Amino acid sequence: MSPQPQLPPVAPSVTAELVEALSPRLRKRLDAGVAKLLARPAVRAGDTVRIAVDDETDVVLHAPEGAVTGADAIRCGCLLAPDCLHRAAAASAAPVADEAAAPVAEETAAPGETAGAGREPVAAEPAKQPGPQGLPGPASRTRQPKPADRADGPGASGQTDRPHQPGPPPTAAAEDAEDAESVTDAQRTAARAVFDAAAAVLDAGTEGSGAVLQAELLRAAHTARLAGLPRAAAAAVAVVTGVRAARSADPGHRLADLATALSGVLGVAHRLPYAAGPELAALRGTVRRPYRPDGSLRLYGLFSEPVLTATGYAGAVTWTADAGGRLYSVSDVAPGGPSRATGAADRAVRLGDTALTHRELSRAGLAVSGATVSPTGRLGAGAGVRAVRASGVAWDSEPLRRLWAVPAAEQVARALDGGHDLLFLEVTLTGAVREADGESLLADCGGVPLRLAVAHDDPALPYRDNLRLLAAAQGSRLRIVARLAPGPRPRALLLAVRHPTDPAARVDLGLDRLRHADLPAGAAAAPAVAVPAVDEAPLHLLRRRVHQAVSGGRPVLASARGGAGDGDRLRRNGLATAAALLGELHAAAADRTRDAFGRLLPADPDRFARAWLAAAVYTETVERALCADGWGAPAPQTSAARP
């Protein structure tokens, strides 16, 4: 039986419009309608997906540009159409397409550059957001690469990835606002709407945030986008994607990532009305990433990794480096699922006239003339770009070997301060460990005990199988490429390794499959050792409540016990600020005032959201400091507007 085709992404404004058109009676039935629609058979034919609601009624989604960008592109044959439950359910069941960029086929290019067909969407730039009272915002989670160049904001990868989709062009007022030195009234209003909608989601928790609350947040995201706030819009979309993943029990859902996304959107919306100058520019974000001419480049392939996002996009990213060690990426991401993620590596790289595939480029080289490059190192594929195949080098040879010559602590400090999060490490494998979030490899990295985890949990990708096989190569010393996973203990997501028995070869763990014959002679798998969770500083007492609020909403914290005891323990361990934040969080959750007749008034979601945001920002900031300390790196910067 062939797999069910994935629904095309739907623009936030479309979902908000269709849900708003429902009667109060139909809104109450929307969540049940979404579940029912997802269980019905669907058939894809070209750019159209048809869902059989029953024997006589179909819902049709038309996505000529890869995404549904207008309400009239979703049609239903029932008697209640167009204001029927089926259209709104289909939009609410589909992945969210971000409206904050131009269409994929019309990606903004540098002078003389024409975007290539099929290239992945561009995402909004993400500068670090501040939290309440000027506290720095949480560091972005670093897991799956973003479809563009990992420069966009929080993801849920799950990933929380936010490829952009076709949408109406920015208004003239929004474009003028980009150059304004202060917040406009429209932006202030839009930020307030985003904050209120996100606060409502937090108040209800993932269990209570059904399609109606999601649509309200999507409407706020669309309003923010039109007001010239692409970063707030993209952050709001990331929250909706994370909530949907949580409610559908998506195996890629991580509660910590959803908490990060929520603190991101609340932090931006909270701080934006008071910002000015560079901080305001960072909080607004940018829709289109500038590509600048970079002359001629001689690049050396490093590795390739698959991309598989929660928003319905898939493909591959290939990383290269020049003679000076600067990283460049070439990617091919488009709507699709696991099969596209595994097959994109064998597609030709869209750069000049080269016929190299991503898999070949990861081991070869490239000579580029007329190159255009984004600030984050993503190569443009304009008409003026010329590229031909060149020889590659092994990781042990110059110029690539200099990437591994940088001390691990220095690489971690760079990542925590906003640089790229790839780590080039030499490790000795020491075993495997089984923890709450799955198995990890244990390794020694220059005296630092390191945990290496899978970069993506989807079973279609060979990450987990390769990691389990590598566990049999205890004692092997390997060069690896990993992505930093911030946390109290040194941890990274394993992406590529030097071949265990052939130093001149490398293995892309998300695309290639290791076999027992690739391991050193005599290698035998040892069982993973279960270890209890360790948290030297009791910061988990505050983190647990922050995460509980995301999952269960305000009522869970209002009825939670042990708040006073947890606060006392935090104070005894020198975390007085954490204790105060925990106390305020519980107080805000339980605060229910009464009117003159003694009747309970509705809870104040604004106070609860601000108390939660302060606790989340504090937790993330301390965890970043603990991460740096675990690697022996200097404390990360705390500038709120750092790009």
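Residues numbered from 1 in each chain as written. Predicted model: local features only at pLDDT ≥ 70, side-chain atom pairs only at ≥ 80, totals over all residues. Heavy atoms only, no water.

### Structural notes on the overall build of the protein
Alright, step 1. The helix and strand inventory of the protein stands at 20 helices and 16 strands.
Alright, step 2. Looking at the protein residue by residue over its 643 residues, the buried ones come to 57%.
Alright, step 3. In the protein, of all internal contacts separated by at least 6 residues, the share reaching a separation of at least 24 is 67%.
Alright, step 4. In the structure as shown, the protein presents an accessible area of about 24700 Å², 54% of it carried by carbon and sulfur atoms. (Helix = DSSP H or I, 4+ residues; strand = E, 2+ residues; numbered from the N terminus. Buried < 20%, exposed > 50% of the residue type's maximum accessible area, 1.4 Å probe, protein only. Contact = heavy atoms within 4.5 Å. Areas by Shrake-Rupley, 256 points an atom, 1.4 Å probe, with all protein chains shown as cover.)

### Here we look at the nonpolar core
Alright, step 1. In this structure, Leu302, Leu400, Leu470 and Ile480 are the most contacted members of the largest nonpolar core, which totals 66 residues.
Alright, step 2. Contact partners of Leu470, with chain neighbours within four places excluded, come to Leu429, Leu441, Leu478, Leu494, Val497, Pro500, Leu509 and Leu514.
Alright, step 3. Of all hydrophobic cores here, the second largest spans 65 residues; its members include Ala199, Leu229, Leu262 and Trp612. (Core = buried A, V, L, I, M, F, W, Y, C linked by side-chain atoms within 4.5 Å.)

### Some details on the packing of helix H19 (residues 576-590) against helix H20 (residues 605-631)
Alright, step 1. Where H19 meets H20, the closest approach of the two axes is 9 Å, and the angle between their N-to-C directions is 155°. If you check the angle between H19 and H20, you find them roughly antiparallel. Relative to H20, the crossing made by H19 is left-handed. Contacts between H19 and H20 involve Thr577, Ala578, Leu581, Glu584, Leu585, Ala587, Ala588 and Ala589 from the former and Arg607, Phe608, Ala611, Trp612, Ala614, Ala615 and Tyr618 from the latter.
Alright, step 2. For the contact of H19 with H20, a count of residues per class yields 12 nonpolar, one polar and two charged. (Axes fitted to C-alpha atoms, helices over the stretch in contact; angles between N-to-C directions. Parallel < 35°, antiparallel > 145°, perpendicular 65-115°, else oblique. Left-handed = near helix turned anticlockwise from the far one by under 90°. Nonpolar A, V, L, I, M, F, W, Y, C, P; charged D, E, K, R; others polar.)

### Quick look at the state of the cysteines
Alright, step 1. Going through the model one piece at a time under the given rule, you end up with zero disulfides.
Alright, step 2. Just so you know, Cys84 is unpaired, no disulfide at all, and the nearest cysteine sulfur is the one on Cys78, 3.7 Å from it. (Disulfide = S-S within 2.5 Å.)

### Structural notes on empty space enclosed by the protein
Alright, step 1. Inspection of the entire model under this criterion finds six cavities of 30 Å³ or more.
Alright, step 2. Taken together, 11 residues line the largest cavity, and the ones lying closest to its centre are Val546, His547, Ala616, Thr619 and Glu620.
Alright, step 3. Among the elements of the structure, helix H9 (255-271), helix H16 (540-552) and H20 are those that each provide at least two residues to the lining of the largest cavity.
Alright, step 4. The leading source of residues in the lining of the largest cavity is H20, at four residues. (1 Å grid on protein atoms, 1.4 Å probe; cavity = no way out; pocket = protein on both sides within 12 Å on 5 of 7 lines; lining within 4 Å. Points joined across faces, edges and corners; volume = space filled by probe spheres on them.)

### Topic: the sheet that holds strand E4 (residues 74-76)
Alright, step 1. Pairing in this open sheet of four strands is antiparallel, and the strands run E1-E2-E3-E4 from one edge to the other. Since the sheet does not close on itself, it has two edges, and those belong to strand E1 (42-45) and E4, each with one partner. Across this sheet, the average inter-strand angle for adjacent strands is 15°, counted without regard to direction.
Alright, step 2. The pairing of strand E3 (residues 58-62) with E4 spans three bridges and is antiparallel. The residue of E4 that forms the bridge with Leu61 is Ile74. (Pairing = 2+ DSSP bridges.)

### Describing unusual backbone geometry
Most of the time, phi is negative for any residue but glycine, and the peptide bond is trans.
Alright, step 1. In the segment running from Ala81 into Pro82, the intervening peptide bond is cis, with an omega of 10°.
Alright, step 2. Topologically, Pro82 is positioned in the loop between E4 and helix H4 (85-93).
Alright, step 3. Here Glu398 and Pro399 are connected by a cis peptide whose omega angle stands at 5°.
Alright, step 4. By the secondary structure assignment, Pro399 is in the loop between strand E9 (386-390) and helix H13 (401-405).

### With respect to the confidence of the model for the protein
Alright, step 1. Averaged over all residues, the pLDDT of the protein equals 81, while 81% of them reach at least 70.
Alright, step 2. Contacts for the low-pLDDT stretch residues 100-179, under 50 throughout, to residues beyond four places or in other chains number 274 contacts.
Alright, step 3. Residue range residues 639-643 is modelled with pLDDT below 50. Its contacts to residues more than four positions away, or to other chains, number 16 contacts. (pLDDT = per-residue confidence, 0-100.)

### Some points on the environment of Ser13
Alright, step 1. Along the polypeptide, Ser13 turns up in helix H1 (residues 12-20).
Alright, step 2. A residue is classified by how much of its surface remains accessible, and Ser13, at 17% relative accessible area, is buried.

### Things to note about the packing of aromatic side chains
Alright, step 1. Under the counting rule described, the total for this entry stands at two aromatic pairs.
Alright, step 2. Here Trp395 and Trp404 contribute two aromatic rings whose centre-to-centre distance is 4.9 Å and whose plane-to-plane angle is 35°, an arrangement assigned as tilted. Exposure class is identical for Trp395 and Trp404. Each is buried.
Alright, step 3. Measuring from ring centre to ring centre gives 5.1 Å for Trp404 and Phe424, while their planes differ by 75°; the resulting arrangement is edge-to-face. Taken together, the positions of Trp404 in helix H13 and Phe424 in strand E10 (residues 422-435) put the pair 20 residues apart, joining distant regions of the chain.
Alright, step 4. Here Trp404 falls in the buried class, since its relative accessible area comes to 8%.
Alright, step 5. Ring pairing ties together the aromatic residues Trp395, Trp404 and Phe424, which thus form one cluster. (Phe/Tyr/Trp six-rings, centres within 6.5 Å; stacked < 30°, edge-to-face > 60°.)

### Topic: the sheet that holds E9
Alright, step 1. In space, the five strands of this open sheet follow the order E7-E6-E5-E8-E9, with antiparallel pairing throughout. Of all strands in the sheet, those with a lone pairing partner are strand E7 (327-335) and E9, marking the two edges. Averaged over all neighbouring strand pairs, the angle between strand axes comes to 35°, with direction disregarded.
Alright, step 2. By the bridge criterion, seven bridges tie strand E5 (residues 292-308) to strand E8 (residues 365-373) in an arrangement that is antiparallel. The partner of Leu299 across the bridge, within E8, is Leu366.

### Digging into the packing of helix H6 (residues 185-208) against helix H8 (residues 230-247)
Alright, step 1. Axis separation between H6 and H8 bottoms out at 9 Å; the angle between their running directions is 35°. Residues Val201, Thr206, Glu207 and Gly208 of H6 lie in contact with H8, whose contacting residues are Val239, Val243, Ala246 and Arg247.
Alright, step 2. A breakdown of the residues in the contact of H6 with H8 according to their chemical character gives four nonpolar, two polar and two charged.

### Some details on the side chain of Arg87
Alright, step 1. Positionally, Arg87 belongs in helix H4.
Alright, step 2. The buried charged residue Arg87 lacks any salt bridge partner; its closest oppositely charged side chain belongs to Asp83, at an N-O distance of 5.0 Å.
Alright, step 3. For Arg87, the side chain forms a polar contact with the main-chain oxygen of Ile74, separated by 2.7 Å.
Alright, step 4. With residues up to four places along the chain from it excluded, the contact list for Arg87 reads Leu18, Ala71, Asp72, Ile74, Arg75, Cys76 and Pro82. (Lys, Arg positive; Asp, Glu negative; His and termini not counted. Salt bridge = Lys/Arg side-chain N within 4 Å of Asp/Glu carboxyl O. Polar contact = N/O pair within 3.5 Å; in protein donor to acceptor, adjacent residues only side chain to side chain.)

### Re the environment of Gly446
Alright, step 1. The topology assignment puts Gly446 in the loop between strand E11 (438-445) and strand E12 (448-454).
Alright, step 2. Judged by relative accessible area, Gly446 falls into the exposed class, the value being 74%.
Alright, step 3. Separated by 18 residues in sequence, Gly446 and Thr428 place their C-alpha atoms 8.8 Å apart.

### Some details on the pattern of salt bridges
Alright, step 1. In total, this model carries 33 salt bridges according to the counting rule given.
Alright, step 2. When the shortest N-O distance is used, the salt bridge between Arg402 and Glu398 registers 3.4 Å.
Alright, step 3. Of the residues examined, Arg402 reaches a relative accessible area of 37% and is grouped as partly exposed.
Alright, step 4. Overall, Glu398 belongs to the partly exposed group, its relative accessible area being 44%.
Alright, step 5. The residue Arg607 makes a salt bridge to Glu584 at a minimum N-O spacing of 3.1 Å. Of this pair, Arg607 sits in helix H20 while Glu584 sits in helix H19; the two residues are 23 residues apart in sequence, bridging distant segments of the chain.
Alright, step 6. Through salt bridges with shared partners, a single ionic network connects Asp346, Arg359, Arg363, Asp508 and Asp512.

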